[in-house]
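In case you want the letters, here they are:
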Amino acid sequence: MPEKLQLERVSPDLPAKEFFAKYVSSRKPVIITGLLDDPTFQGRKWANLGYLAKKAGDVEVMVEPIHPTANQYGTDVERIPIMFRDFLGSLRSDDGPHPYLTTQYSEEDPDAETVFPPPTNALRDEFPVVPRIMGNLFLQQVNLWLGKSKEGSSSGLHHDFHDNIYCLLKGRKRFVLFPPCEVEHLYPYGTLATLHPNGLIAYEDIPVRADGLSKRAACKARVRALERKIDALKAKSKGKGKGKGKGPSRELQALMDAHEAALDELAEAELDDVDAADEDQMDDFDALMGDLDNLEDAGPGPSKTTSHDDEDGEEDAEEEWKGIGHSDDDKNASDGEDINGAEDGEDSDDDEEDEGVLGEEQAGPSEPSSFSRIPTAHLHQYLGLPTTAVLPQSFDAEDFPELEKTTDPYVVELSEGEMLYLPASWWHEVTSTSAGGDGVHMAFNYWFYPPDALDRYDAPYRDTLVWDYLRQKRDGEASREPAEKTHAAKRARESVGGGDSKKVRR
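Residues numbered from 1 in each chain as written. Predicted model: local features only at pLDDT ≥ 70, side-chain atom pairs only at ≥ 80, totals over all residues. Heavy atoms only, no water.

Explain the pattern of salt bridges to me, and be specific about the residues and the numbers.
Counting across every chain of the model gives 17 salt bridges. A salt bridge links R222 to D463; its shortest N-O distance comes to 2.4 Å. Separated by 241 residues along the polypeptide, R222 in helix α4 (residues 215-239) and D463 in the loop between β16 (441-448) and α8 (464-478) bring together distant segments of the chain. Exposure remark for R222: the relative accessible area of 17% places this residue in the buried category. Judged by relative accessible area, which is 16%, D463 ranks as buried. We note a salt bridge from D475 to R474, for which the minimum N-O separation is 3.5 Å. (Salt bridge = Lys/Arg side-chain N within 4 Å of Asp/Glu carboxyl O. Helix = DSSP H or I, 4+ residues; strand = E, 2+ residues; numbered from the N terminus. Buried < 20%, exposed > 50% of the residue type's maximum accessible area, 1.4 Å probe, protein only.)

Now the structure itself:
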């Protein structure tokens, strides 16, 4: 039986620069022995379900029922829309199993996520956008996780595409952790394309750069950033009365040349995506470039950012951001080590990849690439851990011989009032157990784009042109008028609809 390793434990008042040097840049998970020390963090209040209902009860959320045979979450079970107030009320009942509040995204349009999905959009004034301890990382999304299970319920073994700071507000969580390099032994559902130097895993259907951006998203942001620089330089020259009757300056010409090259690169990325999706969908360069002003998926990750108009007349950035975990992203990974032969998987049972909730046969795997095929019950039994998960009827341990080749895992018992920092693509299986009077478990997490300039605390992303532009967009959002923010939040809520759950992320 493998040895169970233990993580380091650090104080939540550790200076951000020291936290970056010891853990973020070295890509090491760590337990933080307290919650966020930011004055704006009021998450402790949310442990009172009555307060939470009063504060955020009027938003609609999607909740996930437990799988009827695997007895776990993180499967392809169809999610249910419900008012958050009603969901909170249902948790007061002792009759289970209860549904689980997980990542919020639109079933019909997974790219319609927001940085602050419901119910966090109604809690925006009670947590910092970027916690002090996370320094200069760029926020991708926040989420509230809420369920009820006295016996313990599992998420299944999987990894995320972003750095995670996980704040446990109620209950207990047991994490089983494997480093990203174990991808070859953990049977993911997707086909491995790249393992980046910072540990980020990219799949053939989710080909992301080391910073978590798709090639197309980065190209669009680069085009827009260069346009801003060109406009600023032209305005500066006009103010000084220069340039009349003359050609562009050397500096301006260099920017224009870079812009032309960026447009070519963007067109190539667009064509790659069209070829992958539907060759007949778009075959004209003008059509490909015609929606550039909308930057429909220039966003840096699996969710959109709610932002507003800039001085140059750009449309709301809420319409710009798209996710890295979606099939319409670029098919070319970059800046990493190519590895062949592994397949990526999900947390559902081995024989259920071809079956729906009611047992209907499906065309193929419906689980995300970043989930493991290893049944949760088998993982627990292999590690000698108690489990409530159930093995599939056709299970055969000989189907997973590579599991025995993995390094010893970390097994983390996270207690109420503690946090876990987990770098992008660290594999984790989470068993949540309720505690306390109302018997719920609750957590709040931040996802950040994974840094790829690991020696630079002040500028942790190598593509400075793109990330400077994205930070400007984010800062523009912070100056938005309250009425505009309310309108964007309303649109985000309206985008959460029904349908088959295909893009589960834990």
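Past the structure itself, the notes keep going.
If you had to explain the nonpolar core to someone new, which residues and values would you point to?
Most often, soluble globular proteins have nonpolar side chains that are buried together. Counting 58 residues, the largest nonpolar core has F19, F84 and L146 as the members making the most contacts within it. Element by element, the count of residues in this core is highest for helix α1 (residues 16-24), at five residues. For L146, the residues in contact, after removing those within four places along its chain, are L52, F84, F87, L88, L91, P99, Y100, L101, V440, H441 and M442. (Core = buried A, V, L, I, M, F, W, Y, C linked by side-chain atoms within 4.5 Å. Contact = heavy atoms within 4.5 Å.)

Before we move on, could you go through helix α2 (residues 49-56) and cite the residues and values that matter?
Within α2, the full set of buried residues consists of L49, L52, A53 and A56. Projected down its long axis, α2 carries its buried residues within an arc of 100°, all on one side. Here the buried face of α2 lies against α3 (84-90), β6 (139-147) and β16. Two to three positions downstream of the cap, the backbone nitrogen of G50 sits 2.9 Å from a side-chain oxygen, assigning the N-cap of α2 to N48. (Arc of directions from axis to C-beta. Polar contact = N/O pair within 3.5 Å; in protein donor to acceptor, adjacent residues only side chain to side chain.)

Kindly report on the sheet that holds strand β9 (residues 172-178), identifying the contributing residues and their values.
Here four strands make up an open sheet; going across it, the order is β7-β15-β9-β13 and the pairing antiparallel. Each having just a single partner strand, β7 (153-154) and β13 (410-414) make up the two edges of the open sheet. Looking at chain direction, β9 and strand β15 (residues 427-433) are connected through seven bridges and run antiparallel. By the bridge assignment, R174 is partnered in β15 with T431. (Pairing = 2+ DSSP bridges.)

Quick rundown of the packing of aromatic side chains? Include the residues and the values.
For any pair of aromatic rings, geometry is given as the distance between the ring centres together with the angle between the planes. Tallied over the entire structure, the rule returns 23 aromatic pairs. Measuring from ring centre to ring centre gives 6.3 Å for F127 and Y446, while their planes differ by 80°; the resulting arrangement is edge-to-face. Here Y446 lies in strand β16 and F127 lies in the loop between β5 (100-101) and β6, a separation of 319 residues in the sequence. The pair F127 / Y446 is uniform in exposure class, with both members buried. Residues F395 and F400 carry aromatic rings whose centres are separated by 6.3 Å and whose planes lie at 15° to one another, so their mutual orientation is stacked. On the basis of relative accessibility, which here comes to 3%, the residue F400 falls in the buried class. Put simply, the rings of F41, W46, F116, F127, F444, Y446 and F448 pair up and form one aromatic cluster. (Phe/Tyr/Trp six-rings, centres within 6.5 Å; stacked < 30°, edge-to-face > 60°.)

Requested: an account of the side chain of D163, with residues and values cited.
Looking at the secondary structure, you find D163 in strand β8 (residues 163-170). Polar side-chain contacts of D163 include one of 2.7 Å to the side chain of R27. With residues up to four places along the chain from it excluded, the contact list for D163 reads V24, R27, L137, Y421, L422, P423, A424, Y446, W447, F448, P450 and P451.

If you had to explain a negative patch on the surface to someone new, which residues and values would you point to?
The grouping of D257, E260, D264 and E268 at the surface amounts to a negative patch. Of note, E260 is situated in helix α5 (residues 250-277). Classification of E260 by relative accessible area gives partly exposed; the value is 46%. (Patch = residues over 30% accessible without salt bridge, like charges linked within 9 Å, V, L, I, M, F, W, Y side chains within 5 Å. Areas by Shrake-Rupley, 256 points an atom, 1.4 Å probe, with all protein chains shown as cover. Lys, Arg positive; Asp, Glu negative; His and termini not counted. Charge placed at Lys NZ, Arg CZ, Asp CG, Glu CD.)

Quick rundown of unusual backbone geometry? Include the residues and the values.
Omega for the bond connecting P118 with P119 falls within 30 degrees of zero, at 5°, which places this linkage in the cis form. Secondary-structure assignment places P119 in the loop between β5 and β6. At Y187, a position not held by glycine, the phi torsion is positive, near 55°. With respect to the element layout, Y187 can be found in the loop between β9 and β10 (192-195). On the basis of relative accessibility, which here comes to 18%, the residue Y187 falls in the buried class.

Which residues make up the environment of R124, and what are the values?
Its location among the elements puts R124 in the loop between β5 and β6. In this structure, R124 is in contact with F116 and V129, ignoring residues within four places of it in sequence.

Residue-level account of the environment of E367, with values.
In this structure, E367 sits in the loop between β12 (337-338) and α7 (376-383). Judged by its relative accessible area of 8%, E367 is buried.

Quick one: what's the story with the side chain of E270, residue by residue and with numbers?
Among the secondary structure elements, E270 is positioned in helix α5. Engagement of the side chain of E270 in a polar contact is seen with the side chain of R216, the distance being 3.1 Å.

Please provide a residue-by-residue account of α1, values included.
Buried within α1 are the following residues: A16, F19, F20, Y23 and V24. Around the axis of α1, the buried residues are gathered within 105° of arc, so they sit on the same side. Those residues of α1 that are buried are in contact with β1 (9-10), β2 (30-32), β8 and β14 (419-422).

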